[in-house]
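What follows is each chain in one-letter form.
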Amino acid sequence: TKLIPTKKKKNTQKTMAIKRKERPLKMEEIAKHNKPEDCWVIIDGKVYDLSNYGKIHPGGDVIYELAGKDASLPFMGYHPDYVRQKKLPYKCIGYVENPVEEQPLDREYRALYKRCEEEGLMKTSMTWHIFKMAYPLLALFVGIAMAFGYGIPEGAETSWFWRGALPALLVGFGQHQIGFMAHDALHCSFTHDWAMDYAIGMFCANAIFGISALWWKYTHNQHHVVTNEWDRDPDITHCPIFAVSEGQYLHKEARKLPFHERIVLYLSPVTFLIIVWGIARFSMYWQGLYMLFVLNYVPTMDWQPLHLSRKWIWAERVTLVFYLTWFTFVTLALPTAATRLIFVAITHAITGFLHIQLTLSHYDRPAVYSKDKGNITWFEQQVITGRNIEGGLHNEWFLGGLHWQIEHHLFPRAPRHHLRQIGVYVKDICKRHDVHYATGGFFDNFFSVMKTIYGKSRRAMESSSDASIYGWDAW
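Read on for an overview of the structure. Given the structure is predicted, the values throughout are model-derived calculations rather than measurements. (Residues numbered from 1 in each chain as written. Predicted model: local features only at pLDDT ≥ 70, side-chain atom pairs only at ≥ 80, totals over all residues. Heavy atoms only, no water.)

Within the protein, the regular secondary structure consists of 19 helices and nine strands. A compact globule built from 475 residues should have a C-alpha radius of gyration of about 23 Å, and the protein, at 24 Å, falls within 12% of that. Seen through its principal axes, the protein has C-alpha atoms that stretch 85 × 80 × 45 Å. A buried classification covers 53% of the 475 residues belonging to the protein. For the protein, restricting intrachain contacts to residue pairs at least 6 apart in sequence, the fraction spanning at least 24 positions comes to 73%. Accessible surface, the protein: about 22,700 Å² in total, of which carbon and sulfur atoms supply 62%. Taken as two groups, the 52 positive and 45 negative side-chain charges of the protein have centres that lie 8 Å from each other. (Helix = DSSP H or I, 4+ residues; strand = E, 2+ residues; numbered from the N terminus. Rg over C-alpha atoms; globule rule 2.2 N^0.38 Å. Buried < 20%, exposed > 50% of the residue type's maximum accessible area, 1.4 Å probe, protein only. Contact = heavy atoms within 4.5 Å. Areas by Shrake-Rupley, 256 points an atom, 1.4 Å probe, with all protein chains shown as cover. Lys, Arg positive; Asp, Glu negative; His and termini not counted. Charge placed at Lys NZ, Arg CZ, Asp CG, Glu CD.)

Pasting the structure below:
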């Protein structure tokens, strides 16, 4: 019998893309394609059809925030070169016939990005990352061992310090530092490979820190693209629990608050710390579990379904249940109700402190309704909506590199051990272009945030007002 060789199946997508002729397209026409099912974006002068692409895009539906718009700079910031080379060509449908000239600030930002790549500031030191991963895990395991009674001095088996406080400090700070490693990995600044970094991030976030990596990716990607747009940025859309802009409840497009919610908002300066430091972490537990096991979409972003493959979704579920299991067993291994309470309180106080830190990065910065933001440049929006926290090496450790918040938003894939040097370049651009670069000490920033929370809640009992006063200019 003569064997007949089978024909190799052609990649239809590639074939269609190669045959598809690029055509000139006007900006006015491109802007009309601004829906998920009809999504065109501009990247470096070329037009790409990303209609319904959110279903397979690793970052999810966040791409639709830029539908009908120029996505060149966000794309540059969030994607390595191989995406441009291997993924984009097959989606290209044309080029911009009447392009808008890139603004000077964004041109400088693009040039700075290239400079940072040439100087190796986008490359990761694996030795640094391995060290930063190893000592928190060691602290965590020692703390767990002490909770089970190992290494405890004789006669201190039921001591509140040896079996409660000290294990809690070790476990809490281990989780605290691992949380920063999760942040690094989920920004693809660890190995720069999406699947590998997601797996590392899931281990750190789900199994050790207790927060769903996928929930974090969805909300955090959205936050980075629409920073401080109070109707789209899930990191600040907490009204009526508290508000960072009066527009969140007075703008004509804002949701009208019933009387009891206005009371909650008016009292927010009193409840803010309790919620952010004490309750927010438990809310994150609930949101991750509710998303993965019940809703199948993000609780605070109901337009974003769980779009990754089943293997990733099940890995999320298993690792999150693993965290709840080991933390419960460690807590129950403690000898008394008092030591258990101390253990839970201290570990959550340490990890919950991260939430306070994160509020210092954006909450006192200008916020705006998404349709009112005008023609602000990408560079300027990332700078003016962020605030850095000044400090030395202790900040590098305790704040995990996130005190360089402005640089992190401009260079989200840059390893945090390079952000200090990048900051020198960013400050220079801001100085020359008169862009406000906000920075201050930890307590200065904290009191500024508290002043904002107080000030933005004082009009809670008023009705809607003129929308024009809530744009960037109001700040």
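Take the packing of aromatic side chains next. All chains considered together, the criterion is met by 28 aromatic pairs. Ring geometry for F446 and F447: centres 5.5 Å apart, planes at 65°, overall edge-to-face. Owing to a relative accessible area of 15%, F446 belongs among the buried residues under this scheme. For F447, a relative accessible area of 55% corresponds to the exposed category. Connected via pairs of aromatic rings, a cluster forms that spans F173, W277, F353, W397, F398, F442 and F443. When the ring centre of W303 is taken as origin, the NZ or CZ atom of R232, which lies over that ring, is 4.2 Å away. The side chain of R458 reaches across the aromatic face of Y266, ending 3.9 Å from its centre. (Phe/Tyr/Trp six-rings, centres within 6.5 Å; stacked < 30°, edge-to-face > 60°. Lys NZ or Arg CZ within 6 Å of the ring centre and 35° of its normal.)

Turning our eyes to something else, we now look at the pattern of salt bridges. Taken as a whole and assessed by the stated rule, the structure comprises 15 salt bridges. The salt bridge involving R107 is made with E101; its shortest N-O contact spans 3.6 Å. Note that D184 is salt-bridged to R416, the shortest N-O span being 2.7 Å. Highlighted residues: D184 in helix α7 (residues 161-186) and R416 in the loop between α17 (405-410) and α18 (419-433), separated in sequence by 232 residues. When sorted by exposure, D184 lands in the same class as R416, which is buried. What you see here is one network of salt bridges that share partners, running through D44, R84, E102 and R110. (Salt bridge = Lys/Arg side-chain N within 4 Å of Asp/Glu carboxyl O.)

One pass over the full model with this rule turns up zero disulfides. With no disulfide of its own, C116 has C430 as its nearest cysteine by sulfur position, at a separation of 13 Å. You can see C188 has no disulfide; the closest cysteine sulfur is in C204, sitting 13 Å from it. By relative accessible area, which is 15% here, C188 ends up buried. (Disulfide = S-S within 2.5 Å.)

As summarised here, the arrangement of the five strands in space is β1-β5-β4-β3-β2, forming an open sheet in which the pairing is mixed. Strand pairing shows two members of the sheet lacking a second neighbour, β1 (23-25) and β2 (34-35), which therefore form its edges. For β2 and strand β3 (residues 38-43), the ladder comprises two bridges, and the chain directions are antiparallel. Within β3, the residue paired with N34 across the bridge is C39. (Pairing = 2+ DSSP bridges.)

Attention now moves to helix α6 (residues 126-147). Relative to the 32 Å expected for 22 residues at 1.5 Å per residue, α6 spans 32 Å between its end C-alpha atoms, a close match to the ideal helical length. Those residues of α6 not exposed but buried are H129, K132, M133, P136, L137, A139, L140, G143, I144, M146 and A147. The first or second residue beyond α6 is G149, which carries a positive phi of 100°. (Expected span 1.5 Å × (residues − 1).)

Our focus in this paragraph is the environment of P167. For P167, the location among the structural elements is in helix α7. When its relative accessible area of 0% is taken as the criterion, P167 is described as buried. With 239 residues separating them in the primary sequence, P167 and I406 have C-alpha atoms 35 Å apart. The contact partners of P167, leaving out residues within four places of it in the chain, are G143, M146, A147, F161, W162 and F343.

This part takes up the pairing of strand β4 (residues 46-49). As paired elements, β3 and β4 share four bridges and run antiparallel to each other. Within β4, the residue paired with W40 across the bridge is D49. As consecutive antiparallel partners, β3 and β4 are separated by two residues, and within that stretch D44 has a phi angle of approximately 50°, a positive value. Two elements, β4 and strand β5 (residues 92-96), share three bridges in a ladder whose sense is antiparallel. Within the sheet, the bridge partner assigned to Y48 lies in β5 and is C92.

Quick look at unusual backbone geometry now. The linkage connecting C239 with the following residue, P240, adopts the cis geometry, with an omega of 15°. Looking at the secondary structure, you find P240 in the loop between α9 (213-225) and α10 (247-250). The phi angle at H192 is positive, at roughly 70°, despite the residue not being glycine. Mapped onto the secondary structure, H192 falls in the loop between α7 and α8 (194-209). Even without being glycine, D434 reaches a positive phi, approximately 55°. Within the fold, D434 resides in the loop between α18 and β9 (439-440). Taking relative accessible area as the criterion, D434 reaches 72% and is therefore assigned exposed.

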